[in-house]
Amino acid sequence: MQPSRSNPILRGMALWLALGGALSLAACDPDKGDGSGDDGGGDDGDDGGTTDSGDVGPGDLEMPEEVLGVPNMDDDNENGDIDWADAAAGDNEQVPVGLDPDALTILGEGSSLSVAFEGEVDLIRVWLGDSVVADEDTTSFELSGDDDLSTLAIEFARPMATGQLVFTHIDAEGAEGDSWTVALQAAPLILNHHLQPAEWAVAVDVGGGPYGNADFISGFRSELGSDFGTVSGSSVGYDVWIQDEIEFGTFTAPGYEMDFVIDSIRNDNGRYLDPYAEDNHLGPDFGSFTWGSGRATSQDSFGNLEVSPPVTVDGVEYPFGRIYYGDSPPYDIADDLQQMMAAQQVQAPFTLDISWLCVGHVDEYISMLPDPDAPKGFRVWVADVDEGQAFLESMDPDEYLPYYRSGHHYETAGDMLDDASLWSYNNDLMEEYIEPSIDIMKAELGLDESDFVRVPGLFERSRDCGGVALALIPATVNMQVNTHDDGVGADLFIPDPFLRGSSTAVRNDPFVQHFEALLPANLTAHWLDDWNTYHMAWGEVHCGSNTIRTPTADWWTEARHLMED
Amino acid sequence: MRIHTLFLGAVVSLGLMSSPALAGVELSSISQPWAQQALDSAAQLEATQPALAASIRTGDSRPSRNGQPLFIDPTWRTPEAAGAILVRLAEGDDNADHRIALLGALSHTGGDWADGVLGLYSHETDASVRRMMIDIMADAPIEAARVGVKVGFDDRSPAVRAAAMRVVGTHREGNTIGELALSGLSDDSPVVREEAARSIGYAGYAKGFEAMRSLLQDADASVRFRALRSLEKLDMTRLQQLPELSSLAVDPNIKVAREAQKVQAK
């Protein structure tokens, strides 16, 4: 199983160290001692400042501007509940405020600090040592006397929770003096995109035999080694659709990273992977949560939830890319999840119409691949019917295609080309849905035609699905993108199209050759046999895999402009 | 209420939720040739390929990507498997979702299954299964498909009638049964009218042009849109001369209006 990202002890130390950098603690440092730093968080007033004699006063107290932290949604004590629910002291996701431990001394003999807790008080707790001193029920407290100010810490419940602590100096006579406001900000949940380095990939192993995926599994394993893990198929009811069950992301704060997995509400109707996230990932420094409830639609599966690489749209930079997902009113992603993603703003979501697809996921016809030669550093690979027709016309019309005979009722490329109704249908899909999707992506991602690679595609009207679309030629864009540490190179695990006779090697498959000719030099294709286990069950390689990725940017320095109201 | 899949959503809206399983049909009591052929085929398979026969008798489904059960064992995709699958289907021990999955598997065998499915059709109590029985006629020989379209169009369920219309537009020889879609153009259900219009276009059944014209004034915008699209396929020049086009260009439905404007501009 995937281990935690790093040693929790080191991570805790890193958190403290980073807080020192993120928060204005200079005045707390006796070696610095110049007292000149003004963090802008306080009201200087006229009664402080370093005296000529060298004494210190309220004006010398520097307070942090803000406290940045991650929501306490992991399970450090491994009791099966996220730690926020435990309300236990000493958790490493409780972020020190960074108050000067000598603040009361600096403020003067007999001083205290009155603290008002404001904002989303139901989503934040304030700790002093082992005690909660402020929460939704208690929104003010006082720091005085023997209180150890270094133990004042913040705990966040959810992404993007915000609040503030307003500290007011109360002097020995009980008069109010200066006040300082410290902002409290929980990290957004950043969902991963394909330009982020892949750390670890996972798939469900259903063994060999006719239902098996042994070649699929070995294809991943031979390339990725220990960076690839499997889930026993028998333990999850042979539910191979691990892309759909979970969505990996990260929470970060200065010096701190928490891997996170959104657990889909996809919990019934053969969706036996439901306990996977809790059983395999939720733990110390690995969070998990489900947004939404009730019976799932297919749109609640996370092959229907993807993220573009970083883009600039109409002058607005999205350093973490933009989320996109498909909807087909009234069926779409669970409201709670939609609202959470929209409220975060940093990956401002947009939607595509997927009502034409039987399964109804955006990964059925779109993927985004790193490309250093592309103007934006990536290109959108999209299934294109016209390209599909041109490709089939380039094939030997009479070559027997055994996989297509048994899987799709076509024996040759010529058979497909001769089916006028098939092309009428596909041309409608292209004109009514795929091209409009491309137009939406151009507008929402600031792209133009040069940012797209059109891949031969062909769809059939599914008998099982009442006439809506399933991939006929395997959806080769539905691939797993295993990006290298440089964020540019990548191994691509792509469904084998089997557009060849049974005696022809995959490297000689004309579709494979066509596809590889489209690839930039930074990408390496690995063709996996997903036909029986995935393709014939309405999915492909991406649907059957999932990937943990490394965060590559800091939201607190690069995405603040998106978080402002 | 949230439901499992997009398609199942449509199933719900059409009132097709699964009813109790088919009670079962005693094939040996049916005098039609397909029944005895299915029994003989299953017995033959038992004797010659017992592992495959056992797999078909007892094999369990796997969840498709949207949760629908499927029988995806590739060893079933052989003509010899058709009889045994028909026998299992007729026994009625599987629930409706699994009967649908069996029909899907049956259609991929390449065997002789069409008469058997049509023979079982009248015994099937679940509309969602009957819908699938008709949909797979798109992969049947054209004469069986013709029968399937006719019986399907007589079904009380609009989803089944829509499936019947769909066969015309999906079957590779659909043009030869295009006339069967004409009656669907005046069906009470807009879903059926839309599917009939689509199929006439996909089948390229040019004789349907005049009949489909009336749908340009249908009360349902989806029907108007699909009729417009299909008329484009049949005869764009003639469509551009229709007086209805100017009113469609200002249709209250933006999708219809845009399509009409596009036709005018071509």
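Everything numeric here is computed off the predicted structure, so don't read it as measured data.

Participant: Even after reading the chapter, I still don't get the overall build of chain B, so can you show me in this structure?
Facilitator: What chain B contains, in helices and strands, is 14 helices and two strands. When its C-alpha atoms are laid out on the principal axes, chain B stretches across 65 × 40 × 30 Å. Taking all 266 residues of chain B together, 54% fall into the buried category. A separation threshold of at least 6 residues defines the contact pool for chain B, and within that pool the share at least 24 residues apart is 68%.

Participant: Just checking my understanding: could you explain the overall build of chain A for this structure?
Facilitator: Scanning chain A from N- to C-terminus turns up 14 helices and 29 strands. Burial statistics for chain A: of 565 residues in total, 54% are counted as buried. Taking all contacts inside chain A whose residues are at least 6 apart in sequence as the whole, residues at least 24 apart take part in 73%.

Participant: Would you explain the sheet that holds strand β7 (residues 152-156) of chain A in this entry?
Facilitator: Sheet strands associate in pairs through backbone hydrogen bonding, adopting either a parallel or an antiparallel arrangement. Residue and element names in this part refer to chain A. The strand order β2-β7-β4-β5 describes an open sheet built from four strands, whose pairing is antiparallel. Strands with a single pairing partner mark the edges of an open sheet, and in this sheet they are β2 (95-96) and β5 (131-134). Note that strand β4 (residues 124-128) and β7 share five bridges and pair antiparallel. Bridged to Ile 124 within β7 is Phe 156.

Participant: Before we go on, may I ask you to explain the interface of chain B and chain A in this structure?
Facilitator: Interface size is often expressed as the accessible area that is lost when the parts come together. Each partner contributes residues to the interface: chain B has 45 residues there, and chain A has 42 residues. Among the secondary structure elements, those contributing two or more residues to the side of chain B that touches chain A are α1 (6-13), β1 (62-63), β2 (69-70), α5 (96-107), α7 (127-135), α9 (158-170), α10 (190-203) and α12 (221-240) of chain B. Looking at the side of chain B that touches chain A residue by residue, the classes come out as 16 nonpolar, 17 polar and twelve charged.

Participant: How do you make sense of the domain arrangement of chain A when you look at a structure like this?
Facilitator: Taken domain by domain, chain A comprises domain 1 (8-186) and domain 2 (191-563). Inter-centroid distance (C-alpha atoms) of domain 1 of chain A to domain 2 of chain A is 44 Å.

Participant: Explain helix α11 (residues 420-445) of chain A to me, please; I cannot follow it from the model alone.
Facilitator: Look at α11 of chain A: 35 Å from first C-alpha to last across 26 residues, which is about the 38 Å you get at 1.5 Å a residue. Gly 446 of chain A, located one to two residues past α11 of chain A, shows a positive phi value of around 65°.

Participant: Explain the environment of Trp 356 of chain A to me, please; I cannot follow it from the model alone.
Facilitator: All names here are of chain A. If you trace the backbone, Trp 356 turns up in the loop between β20 (350-353) and β21 (366-370). A residue is classified by how many C-beta atoms lie within 10 Å of it, and Trp 356, with 20 of them, is buried. The spatial distance from the C-alpha of Trp 356 to the C-alpha of Ala 469 is 6.0 Å, given a sequence separation of 113 residues. Aside from chain neighbours lying at most four places away, what touches Trp 356 is Leu 429, Tyr 433, Val 468 and Ala 469.

Participant: Please explain the nonpolar core as it appears in this structure.
Facilitator: Within soluble globular proteins, side chains that are nonpolar tend to cluster in buried spots. Counting 241 residues, the largest nonpolar core has Val 382 of chain A together with Ile 85 of chain B as its most contacted members. Not counting residues within four places of it along the chain, the set of residues in contact with Ile 85 of chain B comprises Ile 56, Leu 102, Ala 105, Leu 106 and Thr 109 of chain B.

Participant: Mind showing me how you'd approach the environment of Gln 389 of chain A here?
Facilitator: All names here are of chain A. One can find Gln 389 in helix α8 (residues 385-394). The class of Gln 389 is buried, set by 20 C-beta atoms lying within 10 Å. For Gln 389 and Leu 128, which are 261 residues apart along the polypeptide, the C-alpha to C-alpha distance reads 68 Å.

Participant: Looking at this model, I keep getting lost on unusual backbone geometry. Mind explaining?
Facilitator: Negative phi values dominate among residues other than glycine, just as trans dominates among peptide bonds. All names here are of chain A. Here the amide bond leading from Pro 329 into Pro 330 is cis, since omega sits at 10°, within 30 degrees of zero. When you line up the elements, Pro 330 lands in the loop between β19 (323-327) and α7 (335-344). At Gln 345, a residue that is not glycine, the phi angle is positive and equals roughly 70°. Looking at the secondary structure, you find Gln 345 in the loop between α7 and β20.

Participant: Looking at this structure, I do not really get the pairing of β4 of chain A. What am I missing?
Facilitator: All names here are of chain A. Of all five residues in β4, five are buried, a share of seventy percent or more. Bridge count for β4 against β5 is three bridges, and the pairing is antiparallel. Looking at the pairing, Leu 128 lines up with Ser 131 of β5. The hairpin formed by β4 and β5 contains two residues between the paired strands, and Gly 129 there has a positive phi angle of roughly 60°.

Participant: Would you mind going over the environment of Ala 219 of chain B with me for this structure?
Facilitator: Residues and elements named next belong to chain B. Tracing the backbone through its elements, the reader meets Ala 219 in the loop between α11 (209-213) and α12. Under the C-beta neighbour-count criterion, Ala 219 is labelled exposed, with 8 such atoms within 10 Å. In sequence terms Ala 219 and Ala 249 are 30 residues apart; their C-alpha atoms lie 16 Å from each other.

Participant: Where do I start with the domain arrangement of chain B in this structure?
Facilitator: Residue and element names in this part refer to chain B. The assigned domain composition of chain B is domain 1 (24-125) and domain 2 (127-234). A separation of 27 Å is found between the C-alpha centroids of domain 1 and domain 2. Counting from both sides, the interface comprises eleven residues of domain 1 and, opposite them, 14 residues of domain 2. The set of elements that each furnish at least two residues to the side of domain 1 that touches domain 2 consists of α5 and α6 (114-121). Here the residues of the side of domain 1 that touches domain 2 are counted per class, giving seven nonpolar, one polar and three charged.

Participant: Looking at this model, I keep getting lost on the packing of helix α4 (residues 82-91) of chain B against α5 of chain B. Mind explaining?
Facilitator: A packed helix pair is summarised by two numbers, namely the angle formed by the two axes and the spacing between the axes. Residues and elements named next belong to chain B. Relative to each other, α4 and α5 sit at 165°, their axes nearing to 10 Å. One element, α4, and the other, α5, form an angle in the roughly antiparallel class. The interaxial crossing formed by α4 with α5 has left-handed handedness. Taken together, the residues of α5 that come into contact with α4 (itself represented by Ala 82, Ile 85, Leu 86, Arg 88 and Leu 89) are Arg 99, Leu 102, Ala 105 and Leu 106. Residue composition of the contact of α4 with α5, grouped by class: seven nonpolar, no polar and two charged.

So, how was this worked out
- Residues numbered from 1 in each chain as written.
- Chains lettered and ligands numbered in written order.
- Predicted model: local features only at pLDDT ≥ 70, side-chain atom pairs only at ≥ 80, totals over all residues.
- Helix = DSSP H or I, 4+ residues; strand = E, 2+ residues; numbered from the N terminus.
- Buried ≥ 20, exposed ≤ 12 C-beta atoms within 10 Å, placed from the backbone.
- Contact = placed C-beta atoms within 7 Å.
- Pairing = 2+ DSSP bridges.
- Nonpolar A, V, L, I, M, F, W, Y, C, P; charged D, E, K, R; others polar.
- Domains from an automatic or database assignment.
- Expected span 1.5 Å × (residues − 1).
- Core = buried A, V, L, I, M, F, W, Y, C linked by C-beta atoms within 7 Å.
- Axes fitted to C-alpha atoms, helices over the stretch in contact; angles between N-to-C directions.
- Parallel < 35°, antiparallel > 145°, perpendicular 65-115°, else oblique.
- Left-handed = near helix turned anticlockwise from the far one by under 90°.

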